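Coordinates in review
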Amino acid sequence: MVIKMNNIDNILEFIKGSNDFIVTSHINPDGDNIGSTLGTYYFLKKLGKKVYYILDDFIPSNLSFLVKDIEILKSTDINIKDYNIIALDCGDKKRICISEDLIENSNKLICIDHHTSNDYYGDLNYIDENASSTSELVYNLISRYNTLHNEDIIDEKIATALYTGLITDTGNFMYSNTQCTSFDMAKELLFKKANKDLIIKEVFQSNKFDYYKLLGESLNTLDIYENKIATITVTMDMMKRNNLTFNDVDGIVSYARDIEGVEVGILIKEKEEGEVKISLRSKTYVDVSEIAKSLNGGGHKKASGCTIYDNVENAKNIVLKAVLEKI
Ligand code: 5GP
Ligand code: MN
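Just so you know, these numbers come straight off a predicted model, no measurement behind them.

Structural notes on the sheet that holds strand β12 (residues 303-308)
On the basis of which strands lie adjacent, the open sheet formed by six strands has the order β7-β8-β9-β10-β12-β11 and mixed pairing. Looking at which strands have only one partner, the edges of the open sheet turn out to be β7 (223-225) and β11 (298-299). In the sheet, β7 pairs with strand β8 (residues 229-234) via three bridges, with the strands oriented antiparallel. Within β8, the position partnered with Ile224 by the bridge is Ala230.

Here you go:
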């Protein structure tokens, strides 16, 4: 029986009593994925633990500044026994971006996450779907540690990592997941010297010229259905033509959502032949996590995703049908 229970203190106790950890997150990394994992990595390091940061995917170029001082390993790089895993920001066990072997052979799997669709798959869980970001949960965890042990663990590196997760998942404090606690956290992290200006410059003001060319091409694919649904399509050819990799193309779905009158924005993005990544965003009332779940994906009420194994045209029809049923 799965007990759906959060217990920060149990997680902290467990961390205190153990030595070897893998920290990791989900496929197609974003700011909260890397921010929360890196914040946890530095936290564990400060506690004197042996920590491996493993992610079997590529870091997007606008987030690589965060991890330039550390080594991110692939599952095949290590051969360890007797370790625990902390999976951050992974709404679904299947999305943890390390090998199944590593997951199955770990002592304990700790899940820290804020996705609505999370089913408490960890041995120990800290899940709060109302949290702005997983970085906010890591902030709470470290703050609790500080309180219990009368310490002051958050330094500039941890603050910068967590601040990145906070502002990327809240869309710079724009989305409805932004709460009073998000601002409390931001204030505290700025006190701790989170490098806010560097983050803004690297994440939002370092887009490649080629990205804008791709964006232009993408906007030409805009379609509107029933004045409420907007789609944008990005094919492998478009990315190749503009010298961009799959993980470098992020943020385009908001152009679909942000059109006047549109409730659901959809990005249809071809990853490989026969594999299409879908991003879903809603503005006010549609729960896109339900739609994503019906297509074997998941996420949050207003931001979710899934993968459809078909060609681009069929994938678009499949997702449109699912959205039309819910709107
Ligand atoms: P994005 O559209 O930016 O890839 O993802 C939006 C949100 O949905 C993120 O929080 C992401 O973790 C989640 N998400 C995206 N794709 C999937 C998926 O295939 N399965 C699950 N469970 N969540 C997903
Ligand atoms: Mn997140």
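From this point, the narrative continues.
Digging into helix α12 (residues 312-326)
With 15 residues, α12 extends 22 Å from end C-alpha to end C-alpha; this agrees with the ideal 21 Å at 1.5 Å per step. Val312, Ala315, Lys316, Val319, Leu320, Ala322 and Val323 are the residues of α12 that are buried. Along the axis of α12, the buried residues cluster in a sector spanning 165 degrees; they form a single face. Along α12, the residues that are exposed and aim more than 90 degrees away from the buried face are Glu313, Lys321 and Glu325. Buried residues belonging to α12 abut β7, β8, β9 (264-272), β10 (275-282), α11 (288-294) and β12. One side-chain oxygen at the N-terminal end of α12 lies 3.2 Å from the backbone nitrogen of Glu313; it belongs to Asn311.

Examining the coordination of the manganese ion (ligand 2)
The reference angle at a metal is 109.5 degrees if four donors form a tetrahedron and 90 or 180 degrees if six donors form an octahedron. Only Asp32 (OD), Asp89 (OD), His114 (NE2) and Asp169 (OD) from the protein reach the manganese ion (ligand 2) as donors, at distances of 2.2 to 2.3 Å. Along the chain, the residues donating to the manganese ion (ligand 2) fall in the pattern D-x56-D-x24-H-x54-D. Placement of the pair is Asp89 in the loop between β4 (84-88) and α3 (100-104) and Asp169 in helix α5 (residues 156-169), with a sequence separation of 80 residues. The pair formed by Asp89 and Asp169 is uniform in burial state, with each residue classed as buried.

Observations regarding the site of ligand 1
Inspection of the region around ligand 1 gives 15 residues, with Arg95, His115, Lys277, Ser279 and Arg281 positioned closest. A distance of 2.6 Å separates an oxygen atom of ligand 1 from a polar atom in the side chain of His115. In this structure, His300 approaches ligand 1 through a side-chain N or O atom, which is 3.3 Å from an oxygen atom. Elements supplying a minimum of two residues to the shell around ligand 1: β10, β11 and β12. Each residue belonging to the shell around ligand 1 can be placed in one class, and the counts come to two nonpolar, nine polar and four charged.

Regarding the packing of helix α2 (residues 31-46) against helix α4 (residues 134-149)
Two measures define how a pair of helices packs: the angle their axes make with one another and the distance between the axes. Across the interface, α2 lies against α4 with an axial gap of 8 Å and an inter-helix angle of 20 degrees. Here α2 is positioned roughly parallel relative to α4, judged by the angle of their axes. Both α2 and α4 take part in a crossing whose hand is left-handed. Together, Asp32, Gly35, Ser36, Gly39, Thr40 and Phe43 of α2 and Thr134, Ser135, Val138, Leu141, Ile142 and Tyr145 of α4 make up the contact between the two elements. Partitioning the contact of α2 with α4 into residue classes produces five nonpolar, six polar and one charged.

Overview of the sheet that holds strand β5 (residues 109-113)
Spatially, the six strands line up as an open sheet ordered β3-β2-β1-β4-β5-β6, and their pairing is parallel. In this open sheet, the two strands that pair with only one neighbour each are β3 (72-73) and β6 (124-127). Inspection of the sheet shows strand β2 (residues 50-54) paired to β3 by two bridges, in the parallel sense. In the strand pairing of β3, Tyr53 is matched with Ile72. Lying on the sheet, helix α1 (residues 8-17) is in contact with β1 (20-24), β4, β5 and β6; it crosses β6 at an angle near 130 degrees.

Cut-offs used in this document
- Residues numbered from 1 in each chain as written.
- Chains lettered and ligands numbered in written order.
- Predicted model: local features only at pLDDT ≥ 70, side-chain atom pairs only at ≥ 80, totals over all residues.
- Heavy atoms only, no water.
- Pairing = 2+ DSSP bridges.
- Helix = DSSP H or I, 4+ residues; strand = E, 2+ residues; numbered from the N terminus.
- Expected span 1.5 Å × (residues − 1).
- Buried < 20%, exposed > 50% of the residue type's maximum accessible area, 1.4 Å probe, protein only.
- Arc of directions from axis to C-beta.
- Contact = heavy atoms within 4.5 Å.
- Polar contact = N/O pair within 3.5 Å; in protein donor to acceptor, adjacent residues only side chain to side chain.
- Donors = N, O, S within 2.8 Å, 3.2 Å for Na, K, Ca; no water.
- Near = heavy atom within 4 Å.
- Nonpolar A, V, L, I, M, F, W, Y, C, P; charged D, E, K, R; others polar.
- Axes fitted to C-alpha atoms, helices over the stretch in contact; angles between N-to-C directions.
- Parallel < 35°, antiparallel > 145°, perpendicular 65-115°, else oblique.
- Left-handed = near helix turned anticlockwise from the far one by under 90°.

Nothing here speaks to function; it is all geometry.
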